Amino acid sequence: MNISYNWLKDLVEIDLSPQELATKLTNVGLAVEGIHEAGDDYVFDIDLTSNRSDCLSHLGVSREVAAITNYELQITNYEDLKSKIENQRLVSIQDSDLCNRFTARIIKNVKIGESPDWLKQRLEAVGERSINNVADITNFVMHELGQPMHSFDLNKLKENRIVVRRARNGETIRTLDESERKLDETMLAICDAEKPVAVGGVMGGFESGITNETTDVLLEVAYFDRANIRQTSRNLKLSTEASHRFERGVDIENLIRASNRATELICDLAGGAAENFVDVYPTKFQPNEIESNDIQAAVKRLTGLDVAEIEILKILKALGFEVKDKSPIANRQSQIFLSPSWRHDVAIEEDLVEEVARIVGYDKIAEELPTATSAGEYQPTEPRKKSLRNTLAALGFDEAISYSFIDTRNDGKFGLIPKLVAENLDEKFVTLEDSIIEGATRMRPSLLSGLLDAVRSNLNHRKRDLKLFEIGKVFSASEKENDLPNERELFALVLTGNETLQNKTMPLREFDFYDAKGAMEAAVSSLNLSSLVFEPKNVSHLRRGQSAEISLNGKAVGTIGQLSDEIASVYKFRQPVFVAEVDLQTLLESKEQTVVYRPLPVYPSIVRDVSLLVKRSVSFAEIKNAIVEQNFELLRSVEFVDVYEGKGVASDERSITIRLEYRSNERTLLDEEVDAIHAEILQNIETNLGAKQRF
């Protein structure tokens, strides 16, 4: 946004140099990114945040200057031309939800020509080119007062009147840039008695535009719905100075002043005579009422600044806020503050505090920890989550933190944890109305989208070996109307690439399913929970045959496996990626196991490895359970070693190698007694599972 230093001096008394003023404006939140000379003037390049639409004009910035310097604004309402005879037939609004106010003024006997040098120089200073005196005046007033406006050739309007309505599907208009635009019923059209003559809030029509032959002008100054202008501008791929202001919000109470100012200039510079005027105002402005029990205490609590109440009220008044003495609610001593019509971004007490803080000075806010009763303290689950983090860090994992909002393109991409979403709802997820990141309008129902984005980013930077985990909340829509969304805290991890040792370049081996499974088991073990159960299951985002459901105490809590080829291709992964996601909240709510300490074994153990030929449908878990159920006292553990499928093994079979450990607490075992138990175990699992010893 370009702002002229000399132009500001016309609106408010300034005794600061351009450089000093630039520093002051930056300190109150209007970041001046540069200053350049324009003749005898200085122009500020101000980077405005989207909520400060009130400063898209010299009037808006001059209000800020007045609040900083304590000088009065030198702004008037200009000559009151509203007393002219009103012609109520001149304007009709059919869709008042899209047009809250519309003023029109007829100015006759206008002579179109060049603008005077002072007007050209003002416009050139802020980056506008001169067109003709009437067009230049409308641009001048827009930059001065922040109100876009449009001038029509009155004699080109059928029946010399304006109809404000939704466009009809298929209607077209040739806009001022001489492009043919197709309209639809979502757009607001400014029409004459027959057809559209402008796209409301975006651009005027070519056919009704001002030319050198124009003698009578209809001056439009209006207020349009912000969301509709934004949508129309995007759909038409047409962004203008007018739409930029309308979609952020203009001052609905500033229309008469802007119309008076432009009319006065047209009469002076183009020889016009002001005639009929109409103001159609179906939706009256209602200021936001902001209640504060103690504004001074709120400033102190939120910023640490000790500002006297009289100074706070002075600042707010300078910024346009009206102060009421007491709340209308009985027995309430709080104050009510009315936001000005040009501030669309102020709605709660914290907004008022921010206004005070930026004028007093952000640099005066000291570093101080906020007082708290529970915030910042360990919650009951924090020590266990810390243990989980430490365990994964010891395994070589890095913790990732990703955004809670994602693109809607992720909908349905990942299988979700059990009972997160209500399947009977039409809208199962939580959608943001105004996203911080363009396109990221969905509150995440899974941690995997963020983790996989992190994997892609690392792979793009040639980091191929990754171990990442994340702990965070996911969201879903509530079944109860008007309730807050459901939240669950999840834990997820991802592995890809190779296992490497520190200070060694050559990898040991590629990560596989069992690395992810082992990491998940270690993480849950750190929470002092019973062992997880992994059962084969087809999961939408995982590769068939490389996926499993995770259960704890008979309750499904998540999934684990290799990412499916379809999703891997979307992310352009060229190496296997293994992911797991569990309901951490459910895990933390589960009862902890009692820690049992035993002395280290005194007597040596005997270990036997055996490879079993089994059907592909038989899992290691089934083999282990079948062995453990035999309840041999000397058998201390059954562990998985390896699995083989391929040459020498039938296509419907595989070889699973397991390790059995035998030990006695009273004596050293003999091979003969272990051989007998070992043979009985193998005989039992062959009978029950059809497992034959391979070697």
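Look up a bit, the structure's there.
Here's a quick rundown of the structure. Everything numeric in this text was worked out from a predicted model, so none of it was measured.

When helices and strands are counted, the protein chain shows 18 helices and 33 strands. The C-alpha radius of gyration of the protein chain comes to 37 Å, more than 25% above the 26 Å expected for a compact globule of 695 residues. Overall, the protein chain is about 120 × 60 × 55 Å in size when its C-alpha atoms are taken along their principal axes. For the protein chain, with 695 residues in total, the buried portion stands at 49%. The long-range share in the protein chain, meaning contacts at least 24 apart out of those at least 6 apart in sequence, stands at 70%. Both charge centroids of the protein chain, one from 84 positive and one from 114 negative side chains, sit 4 Å from each other.

Time to look at the pattern of salt bridges. Counted by the stated rule, this structure contains 50 salt bridges. Two residues, D97 and R166, come together in a salt bridge whose shortest N-O distance is 2.9 Å. Within this pair, whereas D97 is found in the loop between β4 (91-93) and β5 (99-108), its partner R166 is found in strand β7 (residues 162-166), the two being separated by 69 residues in sequence. For R166, a relative accessible area of 31% puts it in the partly exposed group. The residue E489 makes a salt bridge to K385 at a minimum N-O spacing of 3.0 Å.

A cluster of like positive charges, contributed by R462, R464, K572 and R574, occupies part of the molecular surface. On the secondary structure map, R574 appears in the loop between α15 (565-571) and β29 (577-582).

Sheet architecture is open: 4 strands sit in the order β6-β13-β5-β14, paired in antiparallel fashion. Either end of the sheet is taken by a strand with one partner, and the two such strands are β6 (149-153) and β14 (273-280). Geometrically, the sheet is characterised by an average inter-axis angle of 20° between neighbouring strands, direction not taken into account. Bridging between β6 and strand β13 (residues 217-224) involves 5 bridges; their strand directions are antiparallel. In the sheet register, M149 faces β13, and the bridge partner there is V221. Strands in contact with helix α8 (residues 255-270) are β5, β6, β13 and β14; relative to β5, the strand with the most contacts, it is inclined by about 15°.

A word on the sheet that holds strand β11 (residues 196-199). In any sheet, the strands associate via hydrogen bonds between backbone groups, in a parallel or an antiparallel arrangement. Spatially, β4-β7-β10-β11-β12 is the arrangement adopted by the 5 strands of the open sheet, whose pairing is mixed. Because the sheet does not close on itself, it has two edges, and the strands there are β4 and β12 (203-204). Note that β11 and β12 share 2 bridges and pair antiparallel. Paired with V199 across the strands is M203, a residue of β12.

By the definition in use, this model includes 11 aromatic pairs. Taking 6.2 Å as the distance between ring centres and 80° as the angle between the ring planes, the aromatic pair formed by Y5 and F44 counts as edge-to-face. Of this pair, Y5 sits in helix α1 (residues 5-11) while F44 sits in strand β3 (residues 41-47), and the two are 39 residues apart along the sequence. Judged on exposure class, the residue Y5 and its partner F44 are both buried.

Where nonpolar side chains cluster on the molecular surface, the patch consists of Y403, I436 and I437 and spans about 350 Å² of accessible area. Counting through the fold element by element, I437 comes out in the loop between β20 (430-431) and β21 (442-443). Here I437 falls in the partly exposed class, since its relative accessible area comes to 32%.

In this structure, V91 sits in strand β4. When its relative accessible area of 5% is taken as the criterion, V91 is described as buried. The spatial distance from the C-alpha of V91 to the C-alpha of D279 is 8.3 Å, given a sequence separation of 188 residues. Filtering out sequence-adjacent residues up to four positions away, V91 remains in contact with F102, A104, I162, V278 and V280.

Reading the values: rules and limits
Residues numbered from 1 in each chain as written. Predicted model: local features only at pLDDT ≥ 70, side-chain atom pairs only at ≥ 80, totals over all residues. Heavy atoms only, no water. Helix = DSSP H or I, 4+ residues; strand = E, 2+ residues; numbered from the N terminus. Rg over C-alpha atoms; globule rule 2.2 N^0.38 Å. Buried < 20%, exposed > 50% of the residue type's maximum accessible area, 1.4 Å probe, protein only. Contact = heavy atoms within 4.5 Å. Lys, Arg positive; Asp, Glu negative; His and termini not counted. Charge placed at Lys NZ, Arg CZ, Asp CG, Glu CD. Salt bridge = Lys/Arg side-chain N within 4 Å of Asp/Glu carboxyl O. Patch = residues over 30% accessible without salt bridge, like charges linked within 9 Å, V, L, I, M, F, W, Y side chains within 5 Å. Areas by Shrake-Rupley, 256 points an atom, 1.4 Å probe, with all protein chains shown as cover. Pairing = 2+ DSSP bridges. Axes fitted to C-alpha atoms, helices over the stretch in contact; angles between N-to-C directions. Phe/Tyr/Trp six-rings, centres within 6.5 Å; stacked < 30°, edge-to-face > 60°.

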